[in-house]
Structure formats: C-alpha cells, structure tokens
Amino acid sequence: MTWSREIFARSFSEESLNDVIDLHLAPSVARGVDGVTYEQFHEEKDREVALISSRAIAGEYRFTPYRQKLILKNPVSPPRQVSIPTIRDRIALRALSNFLSEAFHSAKPQHTHPVISGVISSIKKSTASDAFIKLDIKSFYDMIDHRVLLKSIRAKVRSREPISIIEAALRTPTGATIAERKVNDVGVPQGLSISNILASIYLSSIDTKYSSRLGLSYNRYVDDILCLVAQDEANEVASSITAEMRRKKKLTVHPIGSGKSSIVPATQRIEYLGYAFHGTRISVRRDTEKKLLSNLMQIIQGASQETLHRDIWRINLRISGCRLNDSNVGWIFYFSQINDLQLISRIDAQVKKAVTRKFSRDDYDRCKRLVKAYHEVKYHYLDSSYFHNFDTYDKEQMTTLLRRIFPGRFPNLMTKSEIEVRKIFNRVVTREVRQMERDTMGSFS
C-alpha cells in the first residue's frame, strides 16, 4: 500500500469519519438539496458512515449536486456563489480535506494573522527606496483549471482512489439536479471544506518560487498578493508573477493601474486584507471603521428599554468578540495587530455618545470598551474573561444568558436536557456570530 493510499484509508475509516461528525457537524448545519436535517442524519448515522467509508476507499464515492446559495457582497458587484453539500457529502468532503492537509502539509492554507504578521515584518525592514506590489487574481476559484490542479496532485498522490473522489468533488455541479446530468468543467466550488486547500495546492509552486527569491517579500492570501521589493525591480517582479500565473496556471491578474492591482512606494499608504499600512502606522481601511460603527449604531438606534439587556449584549459581543466552535470570532480578534489606538478610542467615544444620549451613562457603563478588548486580546488572551468563550458554557450559564436576553421566549429551560438547551443556545449565538463574521469578512472582500 502506498503512503497516500494509507493516509486516505485512515482518513476515511469509520473511526475517523465519526471524529469528523463529533468535531465538525453542528446541529445548525445547513441542509443540502436532499433536505436531510442534522436529526435525520443522526438517526441513520452508523449506516451513513459505513456507506461513506466503503465507497470512498473503493474509489466509488460520488456527490449529490451542491445546493446554490448567492451572497451579495455590495450593490455593484455580482453575487458570490457558495456551494452547500448534503450532510453526507459534507462529512466526506471534510475527511477529504483532512487527507489533503496531511498529504500536502506545506500547502496548507494560512490564516490571515500570519500573513499580516509577515507583511508587518517586511515593512519594518523596508527602506524609502522600496515599493509595494499589490496584485489581484481575477475570479480565482472560478477559473482554476481541473487538469492543471489534478496534475499537481498526481505528482504526489499516485493512488487511484483519492484522485477519483477529488475529481468527483470538482466535477459536481452547483444549483443543478441529478436529472440534468450537468458537470462542472472548470473552477473549484466555493464554500466547501476542500476549497481552500485545493486552491492553495494550485498556487503552491508559484508561492514557493517567489517566497524564496532574494530581496523579495512575497505574501499571498487566496487571490490577494502583496509584495515588497526594491522600487527599480517592482515592474519586473509584477510582470513575472503575472506571466507565470497566465502561462502555468491559466489565471489572469488584474493589470497594474486598474484599481485592483498597483505599484506604490513603500512610504505611501497601502491597504491589504482590511488593514491599512502607512509607515509604522498599522490601522484599518476607512470603510472597515465605518462598517463597524454603522453596525453598532444600528443596534443602538433600534434599542429600547424593553430590549436593552439583549441590545447591550449584542453591542458587547461585537466589541469584545468571542470564542465559538474552537474559533476566535469578531472584529477585534481579526484586527488585533493594529497599533492605531486613536482609531479604537474614537470608536469607543462614538459608542459612548450614542448610548448616553439615547439612554443614560449608567447604561453605557454596562457596555464593554474596544480599548480594553484590544489589550485583553493582544496581551492577556489565554487567561482573559473579557470576551465570551461559549464553548465552555454549561447548562446553567446558557440558561441564564437566554433568560436575560430573551425573557419569556424560551420557557421551561430548566426542565430541558443540556443537549436541548445547547441546541437553542447555539441557534441564538450562531445567528449573531454569522453576522459578525460577515462584518469582518466584508472588511477585505
């Protein structure tokens, strides 16, 4: 048995699939085109797990067409298509993602934090004679060539079974029915657990080439590239990356000067992934500040004495962030690497003014402070209680919070089991967290 087949078989063993369900399948999971719910799936869990395992290991697993969801980014851009798999396929895709992450460990996608840390480190070493190169790949996910991608995967994975399920996942259409027999010929469907690792594998050779080039700081997050290089080399480097993308990956980079791609002196302000860099000052995009303030003001203006407990909880959640499903969520977690304390103080002042004007100073004293949240996340993250860690809440804590923010809505909570209370609690919290995630992701989309 080859090493890739061994890893694949382990990833799709019934034990591993049950681990995937325990770790990644939440009661609030979205339904696929078959309409099967979390509860319905769990009734047939053992049979479903055995089916996924046997078909995948035999190289015969096939996916049901993904349900289409359209997400509007802004009033002028076309909506982004997200693919939603059935619950069975969701588990298979997560197991496949685990396999790919182990087989292509060096290509595992980075989170934004280390990318931003790399940019900050490069800026500290830069001189006035350096320049930023900012490049944006057009329709990145939609234009990934299947042949090029599978060639990169086959260079390392020789077994038929992994290739079969990867190809099946890529070719499964979104927004179609089984009867239509449509096939996806190009692009990686967005929103799947394999989407990011496949996209990362696709560009790994380019990342390796330019990351190792002397005198060049190369940073990429998905389709956004930011380089720092000597100013007299900037045009050559930008042309080289653009040509490499076109020739080897069949991808198009927005031309320099288009507004999406640019070359600017290192002494000028540059925006990347929602951050704004200007010399030693690290701040956020102006639109990012406005969006956070707009969302906070919307909550404050819609608040009333009857809903004040819930509204202050929502304000505090957006200010301090939280932990949910082993993830840090919220504006301040994402932008914890800024050093623009004037910005943070300015937002605090606006919240204070709005809450005090509509209610009272005592009510404002119940609101958290962004300045405090910044320091807690940055310097006391491991032992801070300033932000909620919803993963550690027990039945009593969940019940107390639900009663406080939704008095009377959920009667008889104490007579329900902890699993039932957790289901209600997760539904309420997840709704708020999803909005917070949209607010943050919108900062650089």
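On a predicted model such as this, the values are computed, not experimentally measured, just so you know.

1. As for the overall build of the protein
Scanning the protein from N- to C-terminus turns up 18 helices and 12 strands. Here the C-alpha radius of gyration of the protein, 24 Å, is about what a compact globule of 445 residues would show, namely 22 Å. Along the longest, intermediate and shortest principal axes, the C-alpha atoms of the protein span 65 × 65 × 40 Å. By residue count, 49% of the 445 residues in the protein fall in the buried class.

2. Comments concerning the packing of aromatic side chains
Inspection of the entire model under this criterion finds 17 aromatic pairs. With centroids separated by 5.6 Å and ring planes inclined at 70°, the aromatic side chains of F390 and F425 adopt a geometry described as edge-to-face. Residue F390 is located in the loop between β12 (388–389) and α17 (395–405), and its partner F425 is located in helix α18 (residues 418–441); the two are separated by 35 residues in the primary sequence. The pair formed by F390 and F425 is uniform in burial state, with each residue classed as buried.

3. Points about the pattern of salt bridges
For the structure on display, the rule yields 23 salt bridges. Note that R314 is salt-bridged to E432, the shortest N-O span being 3.0 Å. Remark: E432 occurs in helix α18 and R314 occurs in helix α12 (residues 308–320); sequence separation between them is 118 residues. Look at R314 and you get partly exposed, because its relative accessible area is 23%.

4. Considering the environment of T252
Within the secondary structure layout, T252 lies in the loop between α10 (234–249) and β6 (262–265). A relative accessible area of 44% places T252 in the partly exposed class. Along the chain, T252 and F425 lie 173 residues apart, while their C-alpha atoms are 45 Å from each other. The contacts of T252, once residues within four sequence positions are left out, are D136, I137 and K138.

5. Concerning the sheet that holds strand β3 (residues 130–136)
With antiparallel pairing, four strands are arranged side by side in an open sheet as β4-β5-β3-β6. This sheet does not close on itself; its edge strands, each paired only once, are β4 (217–221) and β6. Adjacent strand axes in the sheet meet at a mean angle of 15° when their direction is disregarded. With four bridges joining them, β3 and β6 adopt antiparallel strand pairing. Bridging across to β6, K134 finds its partner in S262. Sheet strands touched by helix α6 (residues 112–125): β3, β4 and β5 (224–230). Its angle to β4, the strand with the most contacts, is close to 155°.

6. Quick notes on the state of the cysteines
All told, the structure shown has zero disulfides when counted by the stated rule. The closest cysteine sulfur to the non-disulfide-bonded C322 is located on C367, 17 Å from its own sulfur.

7. Things to note about the sheet that holds strand β10 (residues 322–324)
Reading across the sheet, the three strands line up as β11-β10-β12 and stay open at both edges, with mixed pairing between neighbours. Of all strands in the sheet, those bounded by a partner on one side alone are β11 (327–329) and β12. Pairing of β10 with β11, which is carried by three bridges, proceeds in the antiparallel orientation. From the neighbouring strand, C322 faces β11, where its bridge partner is V329.

8. Here's the deal with helix α16 (residues 370–379)
Where α16 is concerned, the buried positions are L370, A373, Y374, E376 and V377. Residues of α16 that are buried make contact with α11 (286–301), α12, α13 (331–334) and α14 (341–358).

9. Points about the nonpolar core
Counting 68 residues, the largest nonpolar core has F12 and L100 as its most contacted members. If one sorts the elements of this core by residue count, helix α5 (residues 87–103) sits on top with nine residues. Once you skip the residues sitting within four places of it in the chain, L100 turns out to touch I166, I194, I197, L198 and I201. By size, the runner-up hydrophobic cluster in this structure holds 49 residues, among which are I315, F359, C367 and Y386.

10. Some points on the packing of α12 against α17
Between α12 and α17, the shortest axis-to-axis distance is 7 Å and the interhelical angle comes to 120°. Considering the angle they form, α12 stands oblique to α17. Residues H309, R310 and W313 of α12 form the contact with α17, whose own contacting residues are L401, R404 and I405. Its residues assigned to classes, the contact of α12 with α17 shows three nonpolar, one polar and two charged.

11. Some remarks on the pairing of β5
Burial of β5 is extensive: six of the seven residues sit out of reach of the surface. As defined by bridge partners, β4 adjoins β5 across five bridges and the pair is classed as antiparallel. Opposite S217, over in β5, you have L228 as the bridge partner. Linkage of β4 to β5, two consecutive antiparallel strands, is achieved through a turn of two residues, within which V222 is found at a positive phi near 55°.

12. Remarks on α10
One turn of an α-helix holds 3.6 residues; hence residues three or four places apart share an orientation. The terminal C-alpha atoms of α10, which comprises 16 residues, lie 22 Å apart, in line with the 22 Å expected from a rise of 1.5 Å per residue. Taken together, the buried positions of α10 are occupied by A234, V237, A238, I241, A243, E244, M245 and K249. Looking at the buried positions of α10, the neighbouring elements they touch are β3, α7 (146–154), α9 (195–211), β4, β5 and β6. Within two residues after α10, K250 carries a phi angle of roughly 60°, on the positive side.

Here is what the cut-offs are and how they apply
- Residues numbered from 1 in each chain as written.
- Predicted model: local features only at pLDDT ≥ 70, side-chain atom pairs only at ≥ 80, totals over all residues.
- Heavy atoms only, no water.
- Helix = DSSP H or I, 4+ residues; strand = E, 2+ residues; numbered from the N terminus.
- Rg over C-alpha atoms; globule rule 2.2 N^0.38 Å.
- Buried < 20%, exposed > 50% of the residue type's maximum accessible area, 1.4 Å probe, protein only.
- Phe/Tyr/Trp six-rings, centres within 6.5 Å; stacked < 30°, edge-to-face > 60°.
- Salt bridge = Lys/Arg side-chain N within 4 Å of Asp/Glu carboxyl O.
- Contact = heavy atoms within 4.5 Å.
- Pairing = 2+ DSSP bridges.
- Axes fitted to C-alpha atoms, helices over the stretch in contact; angles between N-to-C directions.
- Disulfide = S-S within 2.5 Å.
- Core = buried A, V, L, I, M, F, W, Y, C linked by side-chain atoms within 4.5 Å.
- Parallel < 35°, antiparallel > 145°, perpendicular 65-115°, else oblique.
- Nonpolar A, V, L, I, M, F, W, Y, C, P; charged D, E, K, R; others polar.
- Expected span 1.5 Å × (residues − 1).

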